[in-house]
Amino acid sequence: SSEQSGKMIQTQLAQERASFSEAIANAEKSRDDTVKKLSSTLETLQTMCSSSHSLEMKLAEANEKIQRTQERVQLTEERNEAATQQWSMENERANILQNKLDAEVKNK
């Protein structure tokens, strides 16, 4: 019966060894699956960061274009205002000269 006891112990040890081996295999598979998911998540984050950076660059370019356009519009408005003032002064001079001419024609 010590032979039977020995066989029972060997059988039990074999079962425990198989159980441990299966648990280790499952843990390794779970670890590999987790690594794949994390790698995929990392790639997604890298892509999103790259896209975000690209959008930030485009936004900065658009803001610069808007700033330049606003400056050109302001300059154009200032030039138009100056031209309007110049035209108004020239018109006043023309009226003064016309009035002087009319007065001289009346006096003669």
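Whatever comes next refers back to the structure up there.
Reading the values: the criteria
- Residues numbered from 1 in each chain as written.
- Predicted model: local features only at pLDDT ≥ 70, side-chain atom pairs only at ≥ 80, totals over all residues.
- Heavy atoms only, no water.
- Helix = DSSP H or I, 4+ residues; strand = E, 2+ residues; numbered from the N terminus.
- Areas by Shrake-Rupley, 256 points an atom, 1.4 Å probe, with all protein chains shown as cover.
- Lys, Arg positive; Asp, Glu negative; His and termini not counted.
- Charge placed at Lys NZ, Arg CZ, Asp CG, Glu CD.
- Salt bridge = Lys/Arg side-chain N within 4 Å of Asp/Glu carboxyl O.

A. Focus on the overall build of the chain. Check the secondary structure of the chain and you find 1 helix and 0 strands. Along the first, second and third principal axes, the C-alpha atoms of the chain reach 160 × 10 × 10 Å. Looking at the chain as shown, the accessible area adds up to about 10,200 Å², and 56% of this sits on carbon and sulfur atoms. The averaged location of the 18 negative side-chain charges in the chain is 4 Å from the averaged location of its 15 positive side-chain charges.

B. Local environment of the environment of Thr-34. Position of Thr-34 relative to the elements: it lies in helix H1 (residues 2–107). As a C-alpha pair, Thr-34 and Ser-5 span 29 residues in sequence and 43 Å in three-dimensional space.

C. Highlighting the pattern of salt bridges. All chains considered together, the criterion is met by 3 salt bridges. Between Asp-33 and Lys-29 there is a salt bridge whose closest N-O contact spans 3.1 Å. In this pair, Asp-33 and Lys-29 both sit in helix H1, 4 residues apart, roughly one turn of the helix.

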